[in-house]
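Descriptive analysis of the structure
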There are 2 protein chains.
Amino acid sequence: MNKEELSKLIKTAHGDIKADLVIKHVNLVNVFTAEIQEDVDIAISGKWIAGVGSYEGEKEIDGKGMYAAPGFIDCHIHIESSYLSPEELGRIIVPHGGTTIVADPHEIVNVCGIPGLDYMMKAAKNTKLDIKFQIPSCVPATPFEDAGAIVKAEDMEEPLRRENVLGLAEFMNYPGVIGCADLDLDKIIAAKNLGGKVIDGHAPGVHGKDLTAYISAGIRDDHECESLLGMEERLRQGVYVMLRQGTVCHDLNNLVKGVSKGNSRRILLCSDDRQPKTILTLGHLDNSLRMCVEAGIDPIEAIRFATLNAAECFHMYDKGAIAPSYLADIVLLDDLKDFKVRKVFAKGELVAEDGKYLPSFSKEPIDSVSGSIHIGDFSKEKFKMHLKSDEVWAIEILPGGVLTKKVPVKVKLDKDGEFIFDEKQDIVKVAVVERHKGTGKVGCGFMKGYGLKRGAIALSVAHDSHNMIVVGTNDDDMAFAITSLAEQKGGIVLIEGGKVIESMPMPIAGIMSDQSGEWVMERLNAITEASRKHLEISEDVNPVMTLSFMSLCVIPEIKLTDRGLFDVPSFQFIPVEVNGIH
Amino acid sequence: MNKEELSKLIKTAHGDIKADLVIKHVNLVNVFTAEIQEDVDIAISGKWIAGVGSYEGEKEIDGKGMYAAPGFIDCHIHIESSYLSPEELGRIIVPHGGTTIVADPHEIVNVCGIPGLDYMMKAAKNTKLDIKFQIPSCVPATPFEDAGAIVKAEDMEEPLRRENVLGLAEFMNYPGVIGCADLDLDKIIAAKNLGGKVIDGHAPGVHGKDLTAYISAGIRDDHECESLLGMEERLRQGVYVMLRQGTVCHDLNNLVKGVSKGNSRRILLCSDDRQPKTILTLGHLDNSLRMCVEAGIDPIEAIRFATLNAAECFHMYDKGAIAPSYLADIVLLDDLKDFKVRKVFAKGELVAEDGKYLPSFSKEPIDSVSGSIHIGDFSKEKFKMHLKSDEVWAIEILPGGVLTKKVPVKVKLDKDGEFIFDEKQDIVKVAVVERHKGTGKVGCGFMKGYGLKRGAIALSVAHDSHNMIVVGTNDDDMAFAITSLAEQKGGIVLIEGGKVIESMPMPIAGIMSDQSGEWVMERLNAITEASRKHLEISEDVNPVMTLSFMSLCVIPEIKLTDRGLFDVPSFQFIPVEVNGIH
């Protein structure tokens, strides 16, 4: 803020000059006092709120009968999981009242390193959604896979100092923290020593002294809280708990039962992962608020979760409330039950109305992040397994599609020990192809329960290193899937009999589309339909999302990386053959 | 924190190694969840809390039956008003559970400029009381007096960046802010642009759009809230309200009525001004907590005022709670009703027990701030008034001793127009002698209602510029008072018949003693007694404190500075004679 802006703000507040904009006659949700101030005007000067009371403006918008709440803040979201660019995610989130998100660019930084963050931060400038960033703390996510980059403590020091960077993103390597691993403590110290930075937690299923040890390192929030007991433990130890409601993870309805009058100021809302279809059909935090109120939470309290609490947790002092000197991020709602969003203001500007994002916008060029696919000397020979036994371990998909079970199965082999697909068995080959440095590394294994009956499907979205993952009934289609995917700069391809039958290119680091939210939703619908109709993939699984988690080797019980089959509980690679020797 | 400390902290939290210190079996006041955790241990590693649960320590202290609360935080206090050095104030506050104060060194900086702050910050290192500083925003306090220094926006930039400096202290010049005065906006911009700094308010009696305009500049707390209406107005606009309970100002019992479940997270406690006698007899925030609970506030809520709320308001992320990674500032209490403090821990160290401060300590040398008295070519001739009329304005003392009334009186004059004291009238001469630069400026006037019957009394504590103020029945004693006061490096002197009958030297900037709290209390008692017994000063007035406010020209209705008699409502100097021409 410069002196001219400050002077204008004060004069507006005092009523000496007309406000730039006045929202008239609203019922204001006061998050400081937990009351509704009926029929008041909100005066705005530039980006800021000047005052609440009776005001005149150069421009006036009637808010009669509507509730004015502070703009909603999503405390933890991966933009990449929407498959959308920051600009596009902003376009579809803002009409739902979201004016700020705390983004963890974990996926793109695993692909592109800090230049991935650079792209995201530049793109963020093109949207009225205020995107704050946390620096990904685990790149690569584990030492058992090849990511596109390695980000050490010293690489974080400059990014941590940037404007709009709030701290360190979810510190997934909790065993590293609890075990005082050198590299992890270096990162924590780097953030701590800057002062005022927030270190996000990620500790699913961690309890007792493990949890205390983890928190003692300075962890201040967690979105991976799966039980009421875990919630109580975290809150008592000063950890803000997020009621996560994403496309896949639905924690809100359970965790909301743990909210009490005593702990409510430490409750936040987040999406974590939210796909365009979920946003375009259900909404964003407006939907979470609706659910909170349905679950019996007082509406003003619920709004505090999405506003003041979030601003306090992340040290955003000029956000989270409608008051003089705060940024004019304001949502007009029909009521505090359905939370139907009528108008959204961001930094003093009307940016959405009745579900429509209003500003025109340009998009950041994607050249710097679109050349991320390097498969080197890849050929279908890479899928040869030379098995010495037909008794092999398979990755069995469990309901939900993230957890897996390690099961021994018998497969048909040819004389060279290569897999022959058998329609009577729901077992297919799965492979992860390193795609960042062209190292030629390919890990192969088997997957059970996916339902694929012919062809192949391949993705370059494969958590967390985002190598290419491919499943198929035959090596020809699998190889064609990989080369087709590389040609289209990543994304999703479905192959049947040597032809691409459906696809979605994702040229932004191979993990995000450069198209609209509606287009991505339509493509994903078409891909799902084709996968069921042509490839007969099971109705129980999401063909894309389920596959994309099969390489996430921090989630039990068995996963596949570009280096091979990984047994999560024992934290080691295992041979594919049940009696094999590694 | 370095890596070794962090690693030790995590290992302690995990139970891998014994804690440095464990406080066993306490009933923990959990300010995050507003509950009591019964019979738990607090493990401490170095300065930090490692965990709460069941722990073993190299050293163990039994807390059975006691309540453990976070150390108390006084959100606004002038150390100088205790007349004690930072070390001594720490010694008497810490045993009452105060582990952190937010100090506004307004008085010493008005005398010494930034070197006064430097002394305070160095001295602060010698006490276990964690003293955070706000940079005084109004030096000089007004343009109508001569202070020892001028601190402009550019002079603040370096101090604002210092460790332990939280922001800008009470912005007293609210008319300047509301009127967008250039120099004031410069200061606010300087603080704002650093990010994360807190700007304290000071807006007694300011309401409506004046208040909104003031807050719009970025004011985030106020300790000058005198009514429930004012409290509601401030809270609604995002201003933390302090329930002030000082030696003079007693706002708590009134304001506590305005606390609600909805607004309670925005309530703080403070002393503002608290003299040794008050601390040594009544206590500090322990007393405020007692009063809150007596007034019906839930004890855990009251403790939040003094801990978590304060830490949040002032962005002290590692304070205000007993939880892993927080600083180990802990108070053990007998109960949550009388708040009798048993033990106090500061940064992991036991620092007070049963009212006694335990650590030995050295004191910062005071040389840099003890040469502040410069009266130049002062002589008793300076008190000559050459009055042209015996009808003069007098400063009438009102109950409370801070507000005054402008009254016309008739005095006896000699042939040269000089004042002759008349025992039948309760009117004495009062003068303010500039003492910072030896300019020789002396302002003279009359005071009514002080009761003085003989001799003179002089102080170098005279708000806010701390020139010398003297009252007397005759010029000889007054002049002797001034020279005696200069000789003893400031403080207080009582003169009768050309002799010093009582005194307290205050060599630290002429406004603080270098002696103990008990000694200062005893001296002040003796001075008060002598002033009544020998000089017959009225029982209704505090001879020292009342006099020290007679030069505070922001408080109505009529005051005296070194430049003359000041009419506060019209904001101008006036002649002493009722019909005089200036």
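Residues numbered from 1 in each chain as written. Chains lettered and ligands numbered in written order. Predicted model: local features only at pLDDT ≥ 70, side-chain atom pairs only at ≥ 80, totals over all residues. Heavy atoms only, no water.

What about the overall build of chain A?
Counted only if it meets this: Each helix is a run of DSSP H or I of at least 4 residues and each strand a run of E of at least 2, with the numbering of both proceeding from the N terminus. Restricting the calculation to C-alpha atoms gives the radius of gyration, and the globule rule supplies 2.2 Å times the number of residues raised to the power 0.38. Relative accessible area decides the class of each residue, using a 1.4 Å probe on protein chains only: under 20% of the type maximum gives buried, over 50% gives exposed, and in between gives partly exposed. Throughout, a residue-residue contact means that at least one pair of heavy atoms, one from each residue, lies within 4.5 Å. The method behind every accessible area is Shrake-Rupley, applied with a 1.4 Å probe, and residues are considered shielded solely by the protein chains displayed. We score Asp and Glu as negative and Lys and Arg as positive, and we do not count His or the chain ends. A single reference atom marks each charge: NZ on Lys, CZ on Arg, CG on Asp, CD on Glu.
In terms of helices and strands, chain A carries 17 helices and 30 strands. For chain A, the C-alpha radius of gyration of 25 Å lies close to 25 Å, the compact-globule estimate for 582 residues. The principal-axis extents of the C-alpha atoms in chain A amount to approximately 90 × 50 × 45 Å. Per-residue burial for chain A yields a buried fraction of 65% across its 582 residues. Within chain A, residue pairs in contact and separated by at least 24 positions form 67% of the contacts whose partners lie at least 6 positions apart. Accessible area for chain A stands at about 19,500 Å²; split by element, carbon and sulfur atoms hold 49% of it. Between the mean site of the 64 positive side-chain charges and the mean site of the 87 negative ones, chain A shows a separation of 0 Å.

With respect to the sheet that holds strand E23 (residues 442–448) of chain B
Residues and elements named next belong to chain B. Note the threshold: At least two bridges found by DSSP between two strands is the condition for calling them paired. Throughout, an axis means a line fitted to C-alpha atoms (over the contacting stretch in the case of helices), and angles, computed between N-to-C directions, take values from 0 to 180 degrees.
Taken in spatial order, the 8 strands make up an open sheet running E19-E18-E23-E22-E25-E24-E26-E27, and their pairing is mixed. Two strands bound the open sheet, and with one partner strand each, they are strand E19 (404–410) and strand E27 (499–505). Averaged over all neighbouring strand pairs, the angle between strand axes comes to 25 degrees, with direction disregarded. Note: strand E18 (residues 391–397) against E19, 7 bridges, orientation antiparallel. The residue bridging Val392 from the neighbouring strand is Val409, located in E19. Its contacts with the sheet place helix H15 (residues 475–487) against strand E22 (427–433), strand E24 (456–459), strand E25 (468–472), strand E26 (491–496) and E27, and it is angled at close to 145 degrees to E26. This element, helix H16 (residues 517–533), spans E26 and E27 of the sheet and lies at about 150 degrees to E27.

Quick notes on the packing of helix H1 (residues 3–14) of chain A against helix H8 (residues 208–216) of chain B
The line we're drawing: Convention used here: angles under 35 degrees read as roughly parallel, angles over 145 as roughly antiparallel, angles from 65 to 115 as roughly perpendicular, and any remaining angle as oblique. We call a crossing left-handed when the near helix sits turned anticlockwise from the far one by less than a right angle, and right-handed when that turn is clockwise. As a working rule, the residues Ala, Val, Leu, Ile, Met, Phe, Trp, Tyr, Cys and Pro are called nonpolar, Asp, Glu, Lys and Arg charged, and the rest polar, with Gly in that last group.
Where H1 of chain A contacts H8 of chain B, the axes come no closer than 7 Å and their chain directions differ by 160 degrees. When the axis of H1 of chain A is compared with that of H8 of chain B, the two are roughly antiparallel. Judged by the twist between their axes, the crossing of H1 of chain A over H8 of chain B is right-handed. For the pair H1 of chain A and H8 of chain B, the contacting residues are Leu6, Leu9, Ile10, Ala13 and His14 of chain A in the first and Lys209, Asp210, Thr212, Ala213 and Ser216 of chain B in the second. Its residues assigned to classes, the contact of H1 of chain A with H8 of chain B shows 5 nonpolar, 3 polar and 2 charged.

Notes on the relation of the copies chain B and chain A
The following threshold applies: For this overlay, a least-squares fit was computed on C-alpha atoms, restricted to residues scoring pLDDT of at least 70 in both copies.
Mapping chain B onto chain A calls for a rotation angle of 180 degrees and an axial translation of 0.0 Å; the resulting RMSD is 0.1 Å. A rotation of that kind, with that shift, is consistent with a two-fold axis. When you check the interface residues of chain B against chain A, 100% turn up at the interface there too, and the contact is symmetric in its surfaces.

As for the nonpolar core
Across soluble globular proteins, nonpolar side chains have a tendency to be buried as a group. Definition in use: Buried residues of nine kinds, namely Ala, Val, Leu, Ile, Met, Phe, Trp, Tyr and Cys, make up a nonpolar core once their side-chain atoms join them within 4.5 Å.
Counting 191 residues, the largest nonpolar core has Ile108 and Ile330 of chain B as the members making the most contacts within it. With 7 residues, helix H4 (residues 114–124) of chain B is the single largest residue contributor to this core. Ignoring anything within four residues of it in the chain, the contact list for Ile330 of chain B reads Ile23, Ile42, Ile44, Ile49, Ala68, Ala69, Gly71, Ile322, Lys343, Val344 and Phe345 of chain B. If you look at the next biggest cluster of nonpolar residues, it comprises 190 residues, including Ile79, Ala479, Ile508 and Met550 of chain A.

Here's the deal with the pattern of salt bridges
For side chains bearing opposite charge, pairing can occur when the charged atoms are close. Where we set the bar: Take a side-chain nitrogen of Lys or Arg and a carboxyl oxygen of Asp or Glu: if they are within 4 Å of each other, that pair is a salt bridge.
Under the definition given, this model contains 78 salt bridges over all chains. Measuring nitrogen to oxygen at the nearest pair gives 4.0 Å for the salt bridge that ties Lys410 of chain A to Asp390 of chain A. With Lys410 of chain A in strand E19 (residues 404–410) and Asp390 of chain A in the loop between strand E17 (356–357) and strand E18 (391–397), this residue pair connects regions lying 20 residues apart in the sequence. Using a relative accessible area of 51% as the deciding quantity, one classes Lys410 of chain A as exposed. Overall, the relative accessible area of 29% leaves Asp390 of chain A in the partly exposed class. With a closest N to O distance of 3.7 Å, Glu301 of chain B and Arg304 of chain B form a salt bridge. Residue Glu301 of chain B and its partner Arg304 of chain B are both found in helix H13 (residues 299–306); the two are separated by 3 residues, about one turn of the helix. Each of Asp130, Lys132, Lys319, Asp329 and Lys347 of chain A takes part in salt bridges that share partners, so that together they form one network.

Observations concerning the packing of aromatic side chains
Our working definition: Each aromatic pair joins two rings of Phe, Tyr and Trp (for Trp, the six-membered one) with centres within 6.5 Å, and gets the label stacked for planes under 30 degrees apart, edge-to-face for over 60, and tilted for any other angle. Charge-over-ring contacts are defined here by two conditions on Lys NZ or Arg CZ: a distance within 6 Å of the ring centre and an angle within 35 degrees of the ring normal.
In the structure shown here, the tally under the stated rule is 20 aromatic pairs over all chains. Ring geometry for Phe144 of chain A and Phe573 of chain A: centres 6.1 Å apart, planes at 80 degrees, overall edge-to-face. Separated by 429 residues along the polypeptide, Phe144 of chain A in the loop between strand E8 (130–135) and helix H5 (153–161) and Phe573 of chain A in strand E30 (residues 572–574) bring together distant segments of the chain. Residue Phe573 of chain A is classed as partly exposed on the basis of its relative accessible area, which comes to 21%. In this structure an aromatic cluster arises from ring pairing among Phe144, Phe566, Phe571 and Phe573 of chain A. Positioned over the ring face of Tyr240 of chain B is Arg266 of chain B, at 3.9 Å from the centre of the ring.

A word on helix H16 (residues 517–533) of chain A
Residue and element names in this part refer to chain A. Counted only if it meets this: Between the first and last residue of a helix there are one fewer steps than residues, each counted as 1.5 Å, and that sum is the expected span.
Between its terminal C-alpha atoms H16 stretches 24 Å, which fits the 24 Å expected from 17 residues at 1.5 Å a residue. By the burial criterion, the buried members of H16 are Gly517, Val520, Arg523, Leu524, Ala526, Ile527, Ala530 and Ser531. Taken together, the buried residues of H16 touch helix H2 (86–93), helix H11 (276–281), strand E26 (491–496), strand E27 (499–505) and helix H17 (543–548).

Here's the deal with the interface of chain B and chain A
This is how it is decided: The term buried area denotes the loss of accessible surface (1.4 Å probe radius) that occurs when two parts are joined, taken as the sum for both partners. Here a polar contact is taken to be a pair of N or O atoms separated by no more than 3.5 Å, where protein atoms must pair a possible hydrogen donor with a possible acceptor and residues adjacent in sequence count only if both atoms sit in side chains.
Taken together, the contact between chain B and chain A spans 62 residues of the former and 62 residues of the latter. When chain B packs against chain A, close to 5,300 Å² is buried across both sides, 56% of that on carbon and sulfur atoms. Applying the counting rule to chain B against chain A returns 10 salt bridges. The partner of Arg266 of chain B in a salt bridge is Glu312 of chain A, with the nearest N and O atoms 3.8 Å apart. Summed over the shared surface of chain B and chain A, the number is 25 residue pairs in polar contact (both at pLDDT 80 or more). With 8 residues, helix H1 (residues 3–14) of chain B is the largest single contributor of residues to the side of chain B that touches chain A. Among the residues forming the side of chain B that touches chain A, the class breakdown is 25 nonpolar, 21 polar and 16 charged.

Digging into helix H9 (residues 228–236) of chain A
Residue and element names in this part refer to chain A. Taken together, the buried positions of H9 are Gly230, Met231, Glu233, Arg234 and Leu235. Structurally, H9 contributes buried residues whose contacts are with helix H8 (208–216), strand E11 (219–222), strand E12 (240–244), helix H10 (252–255) and strand E13 (267–270). Where H9 ends, the next residue or the one after it, Gly238, has phi of about 85 degrees, a positive value.

A look at the environment of Phe480 of chain B
Residues and elements named next belong to chain B. Note that Phe480 resides in helix H15. Note: C-alpha distance between Phe480 and Ile492 (12 residues apart in sequence) is 13 Å. In this view, Phe480 contacts Ile495, Gly498, Lys499 and Val500; residues no more than four positions away in its chain are not counted.

Some points on the sheet that holds strand E24 (residues 456–459) of chain A
Residue and element names in this part refer to chain A. Pairing is mixed in the open sheet, where 8 strands are placed in the order E19-E18-E23-E22-E25-E24-E26-E27. The open sheet has two edge strands with one neighbour each: E19 and E27. Looking at each pair of strands side by side, their axes are set apart by 25 degrees on average, direction ignored. Of the pairings in the sheet, the one linking strand E22 (residues 427–433) to strand E23 (residues 442–448) comprises 7 bridges and is antiparallel in character. Across the sheet, residue Val433 finds its bridge partner in E23, namely Val442. Most of the contacts of helix H15 (residues 475–487) go to E26, to which it runs at about 145 degrees, and overall it touches E22, E24, strand E25 (468–472), E26 and E27. On top of the sheet, H16 reaches E26 and E27; it is set at about 150 degrees to E27, its chief contact.

Looking at the state of the cysteines
Residues and elements named next belong to chain A. Just so we agree on the cut-off: Any two cysteine sulfur atoms lying within 2.5 Å of each other are counted as a disulfide.
Counted under the stated rule, the structure contains 0 disulfides over all chains. The thiol of Cys138 is not disulfide-bonded; the next cysteine sulfur, from Cys553, is found 12 Å away. The class for Cys138 is buried, based on a relative accessible area of 3%. The thiol of Cys313 is not disulfide-bonded; the next cysteine sulfur, from Cys75, is found 6.1 Å away.

A few points about unusual backbone geometry
In the segment running from His463 of chain A into Asp464 of chain A, the intervening peptide bond is cis, with an omega of -15 degrees. Considering the arrangement of structural elements, one finds Asp464 of chain A in the loop between E24 and E25. Look at the link from Val139 of chain B to Pro140 of chain B: it is a cis peptide, with omega at 0 degrees. Structurally, Pro140 of chain B is set in the loop between strand E8 (130–135) and helix H5 (153–161). Backbone geometry places Ala509 of chain A, a non-glycine residue, at a positive phi of 60 degrees. Structurally, Ala509 of chain A is set in the loop between E27 and H16. Of note in the backbone geometry, Phe571 of chain A takes a positive phi value of approximately 50 degrees without being a glycine. The exposure class assigned to Phe571 of chain A is partly exposed, which follows from its relative accessible area of 42%.

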